[in-house]
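Commentary on secondary and tertiary structure
Chain by chain, the residues run as shown.
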Amino acid sequence: MHQDPVPEYHEPVMAREVTNMFESIPAGTVLDATYGGGGHTRAILTALDASNTVFGVDRDQAAIERFVPQARLTVAQGRFGDLAALLDAAAIDSLSGALFDLGVSSHQLDQAARGFSYRHPGPLDMRMGDGPLTAGEIVNEWSEAAVADVLRTYGEERFAGRIARAICEARPISDTVHLAEVVKAAIPAATRRSGGHPARRTFQALRIVVNDELAELERGLDAALERLAPGGRCVVISYHSLEDRIVKRRFTSGATGCTCPPELPACVCGKTPELRRLTRKPVRPSADEVDRNPRARSARLRAVEKVAA
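About the thresholds
- Residues numbered from 1 in each chain as written.
- Predicted model: local features only at pLDDT ≥ 70, side-chain atom pairs only at ≥ 80, totals over all residues.
- Heavy atoms only, no water.
- Helix = DSSP H or I, 4+ residues; strand = E, 2+ residues; numbered from the N terminus.
- Rg over C-alpha atoms; globule rule 2.2 N^0.38 Å.
- Buried < 20%, exposed > 50% of the residue type's maximum accessible area, 1.4 Å probe, protein only.
- Contact = heavy atoms within 4.5 Å.
- Areas by Shrake-Rupley, 256 points an atom, 1.4 Å probe, with all protein chains shown as cover.
- Lys, Arg positive; Asp, Glu negative; His and termini not counted.
- Charge placed at Lys NZ, Arg CZ, Asp CG, Glu CD.
- 1 Å grid on protein atoms, 1.4 Å probe; cavity = no way out; pocket = protein on both sides within 12 Å on 5 of 7 lines; lining within 4 Å.
- Points joined across faces, edges and corners; volume = space filled by probe spheres on them.
- Nonpolar A, V, L, I, M, F, W, Y, C, P; charged D, E, K, R; others polar.
- pLDDT = per-residue confidence, 0-100.

Focus on the overall build of the protein
- For the protein, the count of helices and strands is 14 helices and 7 strands.
- Its C-alpha radius of gyration of 21 Å places the protein within 12% of the 19 Å reference for a compact globule of 309 residues.
- Each principal axis of the C-alpha atoms in the protein carries an extent, and together these give about 60 × 60 × 40 Å.
- Out of the 309 residues belonging to the protein, those deemed buried represent 50%.
- Counting contacts in the protein only where the partners sit at least 6 residues apart, residues at least 24 apart contribute 68% of the total.
- As presented, the protein carries roughly 14,400 Å² of accessible surface, and 51% of it is formed by carbon and sulfur atoms.
- Across the protein, the mean location of the 39 positive side-chain charges is 7 Å away from that of the 40 negative side-chain charges.

Encoded structure:
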């Protein structure tokens, strides 16, 4: 009888949809590239038989420390950009599946000391691992123009200029709640009454830059797709448009065949699809799931299957 790999500290988003996508994958190893609290891994191991194992990866040391040794499961610490090396070190040449559940985990949000939450006072950190850059350095040391560019580019914040000016005028900003208050005061009152917490986009932007999340995602996706076996599947859950855009672009590129101009009588580019899209449009969580777990509200799931060579 299957034994749970680790006690869960959050409800994994769209776990049923994930396991449904993996139902027909070949025997072999499934990569859980965002192991976190082990929720998705637990669902995968329960749904699949003994012919499938899971290799979990997480850049957060806290997630690794919570890992409980378990049959059919191994876990390693590292970031998306290191996936190729991590798989090599584990002697995994081929994957039957890969899962990326992007963004910050519920556990990280709930720990004020990590600095991800704008609702509870904590240090301006926001690092998922042990990287050199912290949110405090950006907030208290970068120029107004650089701060505005971060908020505009990675938070898609339309009041980036106003917020950056307010941040620089309020320096030194001591903690996450102080930062959230500065951001809230910089945004027009009429806007603050809708669209969630006014500091949400600012905190998102800082977290993405601190952890180099978008570049890491691109490298990790490439590494996982490169090792997918024919019939293997890759599932990605994203939570904002910047992540989803990268995933959609990579999946579309992989599923595109000949790119020759239509006026040519025959193909000269030689390009054939490496992927088959399983989701033309992103899958969204059910209303029941959003009621149970409000953090699932913005989730979008996309999936592809590796095409046999």
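Considerations on unusual backbone geometry
- With an omega dihedral of 0°, the bond running from Arg 171 to Pro 172 counts as a cis peptide bond.
- By secondary structure assignment, the location of Pro 172 is in the loop between α8 (160–170) and α9 (176–186).
- For Met 14, which is not a glycine, the phi torsion comes out positive at approximately 50°.
- Within the fold, Met 14 resides in the segment before α1 (15–21).

Quick notes on empty space enclosed by the protein
- For the structure on display, the rule yields 1 cavity of 30 Å³ or more.
- Space inside the largest cavity adds up to approximately 60 Å³.
- Lining the largest cavity are Lys 248, Phe 251, Thr 252, Arg 277, Thr 279, Arg 280, Arg 302 and Ala 303.
- Listed by contribution, the elements that provide at least two residues to the lining of the largest cavity are α13 (241–254) and β7 (300–306).
- Residues that form the lining of the largest cavity fall into these classes: 2 nonpolar, 2 polar and 4 charged.

As for the confidence of the model for the protein
- Scored by pLDDT, the protein has a mean of 90; 91% of the residues are at 70 or more.
- Segment residues 1–8: pLDDT under 50, and 23 contacts once partners within four positions in sequence are set aside and those in other chains are kept.

So, the environment of Asn 140
- For Asn 140, the location among the structural elements is in helix α6 (residues 135–141).
- The sequence separation of Asn 140 and Ala 170 amounts to 30 residues, and the corresponding C-alpha distance is 9.0 Å.

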